[in-house]
Amino acid sequence: MDDWERDQIRSANVRLRSELDAIQADFDREMGQVGEVQRTLAAMRVHATSPNDLARVTVDSSGAVTEITIAEDAFRRSTPRGLTEDINAAIRGGAEAAAKAREQVLAPITAIVETMPDLGEIIPGAPNLRDLRAQLSEQPGEPPQRSH
């Protein structure tokens with residue numbers, strides 16, 4: 001290998017290292033926001049009301065029902081079957097609203113994950129962004145731990 005080839009390899013290595021350093025810096029910046037996103041998701045509560053205003057539900061960020069409130073006059077205005085349908089409609093509405101709200105909260109992280117290469121494929125032992133996305137799609141909890 002002559003000097004010209006060595007210089008070309010060195011130059012390519014410098015460019016690659018620079019690109020990887022920029023990717024790592026972006027990732028580190030976004031990881032700083034993951035904790036706040038997780039806290040927001042854990043605290044999120046979404047409300048939905050049935051079409052006949054007989055039932056109101058509260059759901060968490062995953063769409064799980066945390067509270068159901070029945071209107072005072074629900075038993076006068078409806079039948080058990082009708083009330084059941086209203087409650088189910090409110091639950092479905094709450095789950096849909098929670099999914100939309102969750103998507104909005106996750107949008108900044110999702111955008112970064114979708115535009116960046118998976119570092120684990122480039123650098124052995126680097127954080128895997130696809131794993132991070134999968135973790136964020138699960139139940140709210142503690143921020144994912146980054147391994148070095």
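Every chain is numbered on its own, with residues counted from 1 as its sequence reads. With pLDDT at 70 or above as the cut-off, local features in this predicted model cover only qualifying residues; side-chain atom pairs require 80 or more to be listed or tallied, and sums for whole chains, interfaces and linings still use all residues. The basis for every side-chain value is the complete set of heavy atoms in the structure, and neither hydrogens nor water enter the calculation.

The chain has the name YbaB/EbfC family DNA-binding protein in an unreviewed UniProt entry, where Nocardia terpenica is given as its organism.

1. Describing the overall build of the chain
Under the scheme used here, helices are H or I runs from DSSP no shorter than 4 residues and strands are E runs no shorter than 2 residues, and both carry numbers assigned from the N terminus. Assigned secondary structure in the chain consists of 5 helices and 3 strands. Secondary structure elements of the chain, listed N to C terminal, follow the sequence α-β-β-β-α-α-α-α. Each residue is placed in one exposure class: buried if its accessible area under a 1.4 Å probe, protein chains only, is under 20% of its type's maximum, exposed if it is over 50%, and partly exposed if it falls in between. In the chain, which comprises 148 residues, the share counted as buried stands at 32%. Counting contacts in the chain only where the partners sit at least 6 residues apart, residues at least 24 apart contribute 57% of the total. Each accessible area is a Shrake-Rupley estimate made with a 1.4 Å probe; only the visible protein chains count as cover when residues are assessed. Total accessible area on the chain stands at roughly 9,700 Å², and carbon and sulfur atoms take up 51% of it. For this analysis, residues touch if any pair of their heavy atoms sits within 4.5 Å.

2. A closer look at helix α1 (residues 3-43)
To estimate the expected span of a helix, subtract one from its residue number and multiply by 1.5 Å. If you check α1, its first and last C-alpha atoms are 60 Å apart, about what 41 residues at 1.5 Å a residue would give, namely 60 Å. By the largest-angle criterion, Gln33 marks the main kink of α1, which is about 30 degrees. For α1, the complete set of buried residues consists of Leu20, Ile23, Gln24, Phe27, Glu30, Met31, Val34, Gly35, Val37, Gln38 and Leu41. In this structure Asp2 caps α1, since a side-chain oxygen of it lies 3.2 Å from the backbone nitrogen of Trp4. Note on bend: the value at a residue is the angle between axes fitted to the seven residues ending there and to the seven starting there. For the purposes of these results, a polar contact is taken to be a pair of N or O atoms within 3.5 Å, where, inside protein, one atom must be able to donate a hydrogen and its partner to accept one; residues adjacent in sequence count only when each atom of the pair is a side-chain atom.

3. What about the pattern of salt bridges?
Here a salt bridge means any side-chain nitrogen of Lys or Arg lying within 4 Å of a carboxyl oxygen belonging to Asp or Glu. This structure, assessed with the given rule, holds 6 salt bridges. Taking the shortest distance from any N to any O, the salt bridge between Glu85 and Arg81 comes out at 3.9 Å. With Glu85 and Arg81 both in helix α3 (residues 80-115), this residue pair falls 4 residues apart, about one helical turn. Here Glu85 falls in the partly exposed class, since its relative accessible area comes to 47%.

4. Thoughts on unusual backbone geometry
Positive phi outside glycine occurs at Asp53, with the angle close to 60 degrees. With respect to the helices and strands, Asp53 occurs in the loop between β1 (45-49) and β2 (55-60).

5. So, the side chain of Asp60
Relative to the helices and strands, Asp60 resides in strand β2. Positive charges are assigned to Lys and Arg, negative charges to Asp and Glu, while His and the chain termini are left out of the count. Arg45 provides the closest opposite charge to the buried, unpaired Asp60, separated from it by 5.1 Å. Filtering out sequence-adjacent residues up to four positions away, Asp60 remains in contact with Met44, Arg45, Thr66 and Ala98.

6. A word on the environment of Asn128
Looking at where Asn128 falls in the secondary structure, it is placed in the loop between α4 (119-122) and α5 (129-137). Put simply, Asn128 and Asp118 are 10 residues apart on the chain and 5.9 Å apart in space, counted from C-alpha to C-alpha.

7. Details of the nonpolar core
If you look at the biggest cluster of nonpolar residues, it comprises 18 residues, and the most contacted ones within it are Val34, Val37, Leu41, Met44, Val46, Leu132 and Leu136. When contributions to this core are tallied by element, the ones reaching two or more residues are α1, β1, β2, α3 and α5. At 6 residues, α3 tops the list of elements feeding residues into this core. Counting 5 residues, the second largest nonpolar core, distinct from the first, contains Leu54, Ala55, Ala74 and Ile87. We define the nonpolar core as a collection of buried residues of types Ala, Val, Leu, Ile, Met, Phe, Trp, Tyr and Cys that are connected through side-chain atoms lying within 4.5 Å of one another.

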